[in-house]
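Okay, here's what each chain looks like letter by letter:
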Amino acid sequence: MRRGLRTHLTVTISLFALVIISAISLLANLSVHIGFEKYVKQQQKARSQDIVDNLSRQYNSMTGKWETGYIHGVGMYALYEGYIIKISDAKGGVVWDAENHDMSLCRQIMDKITQRMQDKRPYLQGGMITHHYKLEQNGQTIGQVAIRSYGPYFLNENDFVFLNTLNVFLFVIGILSISASVIIGGILAKRISRPIIKTAHIATQISQGNYEARFDGKVRIRELNELAAATNHMAESLETQESLRKRLTTDVAHELRTPLTAISSHLEAMIEGVWQPTAERLQSCYEEIGRISGLVADLEKLSEIEDEDWILQKVPFDLLELAHVVSRNLESEGIKKGIRIDVDGTSTVITADRDRMSQVITNLLSNAIKYTPEKGSVTITVEDGSETGVLTVTDNGIGIPEDQLPYIFERFYRTDSSRSRKTGGAGIGLAIVKSIVNAHNGTIEVVSDAHQGSSFIVTLPKEV
Ligand code: ADP
């Protein structure tokens, strides 16, 4: 079974926090213990020195006597702290000995310390150690003291209580930190996973054909916001594609229906003998069939250009020379309407698919002738930009209303005036032009004023 993103993130973040916090707690614990034990060792050394200094002062050099009463106090006090002391004078005679004084108490105290240390610090492998110190007064040795204690060091009851409290404290902090990191990890995981889960859900809906699904709301993480925006963008383009596809079917049906209805009604009338099959009537049927063939040919051209595997047959040629060739081919169309076609500009050699570029100029020029009233004029200009070749087809015809300009390159789009005039084709010519220009990495722009005329400007890179 695959884990969900949220669970995965929570578990990963929590595990990571657990390892880090445990490592920190362990290190803190270790360094506190090491530090504390170092401190205890120093304290015990200082305490021994303290006992020595204290005892040195208990000898009266005038009388040669020891303050045995006070020494007894110091010795007993030290005994309860875990130090067994034995004081001898300069000649080696025993002045005071804790063990002599109360053997069983000494044993009892030392057993307790040994037991405690062996229980809690067995790795120290400690035991009773005796240190000897000289007792001096004004630089003269007045005796010596043997101090016996558990070594290398020992901890008393309070020390262990302190260390235990510290351990509990660190443990509680560790537990609190781990709980906090699990909660924060969970919140973070939720924040990251929610938009991803939502996007995945939307992507699923889109894959099931619901192109209206959108990611709404803001995401604070930049990359996730980009993901959501990209998903929305994808949904939008799929929605547009889908509506284009639907419209395409309707448009094709519509474009075919008109000539087919005309042909079938004409033929029906002739078959039933209502109409004589005159040459004129047959000619009219023939023209309608021509319209259908033209439409099919245009659609074939378009699908060929839009085919992903379509390869441009690139050759270097002069754009101006091609413009002359095309204008000659369409000259008769112009003459029929009394329209002058001029070709101007400079020789511009580009490397492109010559036949397709001829198609571009033909479509633009025949549109210019079609949408220009009699006695109008059409000009093709070719300019040599340093990196590009620019071809402009300008007419002083009916023009295109501004609000319809954005749509004229769409397939089957015709402006209202061209629909009503019956002059237009099926609205595929400019879609073909645009596809060819795009395939050459070029651009096409249109500048037009209703009733003033139009200019179509094609810019092509010299090397595709
Ligand atoms: P069509 O086969 O109808 O000419 P196009 O795709 O070539 O189709 O053109 C689309 C529409 O753009 C035309 O129907 C017409 O309304 C408008 N159009 C194209 N060229 C011109 C032009 N030179 N002047 C005015 N309108 C034009």
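Residues numbered from 1 in each chain as written. Predicted model: local features only at pLDDT ≥ 70, side-chain atom pairs only at ≥ 80, totals over all residues. Heavy atoms only, no water.

### Looking at the overall build of the protein
For clarity, the threshold we go by: Counting from the N terminus, the helices are the DSSP runs of H or I reaching at least four residues and the strands are the DSSP runs of E reaching at least two. C-alpha atoms define the radius of gyration in this analysis, and the globule rule sets the expected value at 2.2 Å times the number of residues to the power 0.38. Under the scheme applied here, a residue whose accessible area is under 20% of the maximum for its type counts as buried, over 50% as exposed, and between as partly exposed, the area being computed with a 1.4 Å probe on protein chains only. Throughout, a residue-residue contact means that at least one pair of heavy atoms, one from each residue, lies within 4.5 Å. The accessible surface values rely on the Shrake-Rupley method and a 1.4 Å probe; as for residues, cover is taken only from the protein chains in view. Charge assignment: positive for Lys and Arg, negative for Asp and Glu; neither His nor the chain ends contribute. Charged side chains are reduced to one point each, which is NZ for Lys, CZ for Arg, CG for Asp and CD for Glu.
When you go through the protein residue by residue, the secondary structure sums to 12 helices and 13 strands. A compact globule built from 464 residues would reach a C-alpha radius of gyration of about 23 Å, whereas the protein, at 52 Å, exceeds it by more than 25%. Along the first, second and third principal axes, the C-alpha set of the protein runs to 165 × 55 × 35 Å. Classification of the 464 residues of the protein by burial places 37% in the buried group. When contacts within the protein are restricted to residue pairs at least 6 apart in sequence, long-range pairs at least 24 apart make up 68% of them. Of the roughly 27,800 Å² of accessible surface on the protein, a fraction of 55% belongs to carbon and sulfur atoms. Within the protein, one finds 49 positive and 55 negative side-chain charges whose respective centroids are separated by 11 Å.

### Notes on the packing of aromatic side chains
Definition in use: Any two of the Phe, Tyr and Trp rings considered here, Trp counted by its six-membered ring, make a pair once their centres fall within 6.5 Å; the pair's planes then place it as stacked at under 30 degrees, edge-to-face at over 60, or tilted in between.
Taken as a whole and judged by the stated rule, the model has 6 aromatic pairs. Residues Phe-36 and Phe-162 carry aromatic rings whose centres are separated by 5.1 Å and whose planes lie at 35° to one another, so their mutual orientation is tilted. With a gap of 126 residues between them, Phe-36 in helix H1 (residues 5-56) and Phe-162 in helix H5 (residues 157-207) connect regions that are remote in the sequence. Since its relative accessible area comes to 12%, Phe-36 is described here as buried. Phe-162 gets classed as partly exposed once you look at its relative accessible area, which sits at 40%. When the centroid spacing of 5.7 Å and the interplanar angle of 65° are considered together, the rings of Tyr-83 and Phe-154 count as edge-to-face. A residue pair is termed long-range when its members are at least 10 positions apart, and Tyr-83 in the loop between helix H2 (68-81) and strand S3 (84-89) and Phe-154 in the loop between strand S6 (140-151) and H5 qualify at 71 residues. For the residue pair Tyr-83 and Phe-154, the accessibility class agrees, reading buried in each case.

### Some remarks on the sheet that holds strand S5 (residues 127-137)
The following threshold applies: Paired strands, as defined in this entry, are two strands with at least two bridges between them according to DSSP. Lines fitted to C-alpha atoms define the axes, with helix axes restricted to the stretch in contact, and inter-axis angles between N-to-C directions lie between 0 and 180 degrees.
One open sheet accounts for 4 strands, arranged S4-S3-S6-S5; its pairing is antiparallel. Each edge of the open sheet carries a strand with a single partner, namely strand S4 (94-97) and S5. When strand polarity is set aside, the average angle formed by the axes of neighbouring strands in this sheet is 15°. Examined bridge by bridge, S3 and S4 share 3 bridges and lie antiparallel to one another. Within S4, the position partnered with Ile-87 by the bridge is Trp-96. The strands touched by H1 are S3, S5 and S6; relative to S5, the strand with the most contacts, the crossing angle is about 35°.

### Section: the nonpolar core
Across soluble globular proteins, nonpolar side chains show a tendency to be buried alongside one another. The test is simple: We call a set of buried residues a nonpolar core when its members are Ala, Val, Leu, Ile, Met, Phe, Trp, Tyr or Cys and they connect through side-chain atoms within 4.5 Å of each other. A domain assignment, automatic or from a database, supplies the domain bounds used here.
With 47 residues, the main nonpolar core has Leu-364 and Phe-456 as its most contacted residues. Among the elements that make up this core, the one with the highest residue count is helix H10 (residues 354-370) (7 residues). Of the residues that make up this core, three or more belong to each of domain 1 (240-309) and domain 2 (311-461). Sequence-distant contacts of Leu-364, that is, excluding residues within four places in its chain, are made with Val-393, Leu-430, Val-433, Ile-444, Phe-456 and Val-458. Counting residues in hydrophobic clusters, the runner-up holds 34 residues, among them Ile-51, Ile-71, Val-95 and Cys-106.

### Quick word on the packing of H1 against H5
How we decide: When an angle is under 35 degrees it counts as roughly parallel; over 145 it counts as roughly antiparallel; between 65 and 115 it counts as roughly perpendicular; any other value is oblique. Helix crossings are classified by the rotation of the near helix relative to the far one: an anticlockwise turn of less than a right angle makes the crossing left-handed, while a clockwise turn makes it right-handed. All residues other than Ala, Val, Leu, Ile, Met, Phe, Trp, Tyr, Cys, Pro, Asp, Glu, Lys and Arg, Gly among them, are scored as polar; the first ten of these are nonpolar and the last four charged.
Here H1 crosses H5 at 160°, and the two axes come no closer than 8 Å. In terms of orientation, H1 lies roughly antiparallel with respect to H5. In this structure, H1 meets H5 at a crossing whose hand is right-handed. Residues belonging to the contact of H1 with H5 are distributed by class as follows: 20 nonpolar, 12 polar and 3 charged.

### Digging into the pairing of strand S11 (residues 388-395)
Within S11, 6 of the 8 residues are buried, which leaves the element mostly enclosed by the surrounding structure. Pairing analysis gives 7 bridges linking strand S10 (residues 377-384) to S11, with the strands arranged antiparallel. Pairing of Asp-384 across the sheet is with Gly-389, part of S11. In textbook terms, the turn of a hairpin is the stretch between consecutive antiparallel strands, and for S10 and S11 this stretch comprises 3 residues. Strand direction decides the pairing type here: S11 and strand S13 (residues 453-461), joined by 8 bridges, are antiparallel. Residue pairing in the sheet places Val-393 in a bridge with Phe-456 of S13.

### With respect to the layout of surface pockets
Heads up, the condition is: Using a grid of 1 Å spacing that covers the protein atoms alone, one calls a set of points a cavity when a 1.4 Å probe fits there but cannot get out, and a pocket when the set is open and has protein on both sides within 12 Å along at least five of seven lines; lining residues are those with an atom within 4 Å of a point. Grid points are joined across faces, edges and corners, and a volume is the space filled by probe spheres set on the points.
If you add up the space inside the second largest pocket, you get close to 390 Å³. Contributions of two or more residues to the lining of the second largest pocket are made by helix H6 (222-271), helix H7 (279-306) and helix H12 (429-439). The element best represented in the lining of the second largest pocket is H6, accounting for 7 residues. In terms of domain composition, the lining of the second largest pocket takes at least three residues from each of domain 1 (240-309) and domain 2 (311-461).

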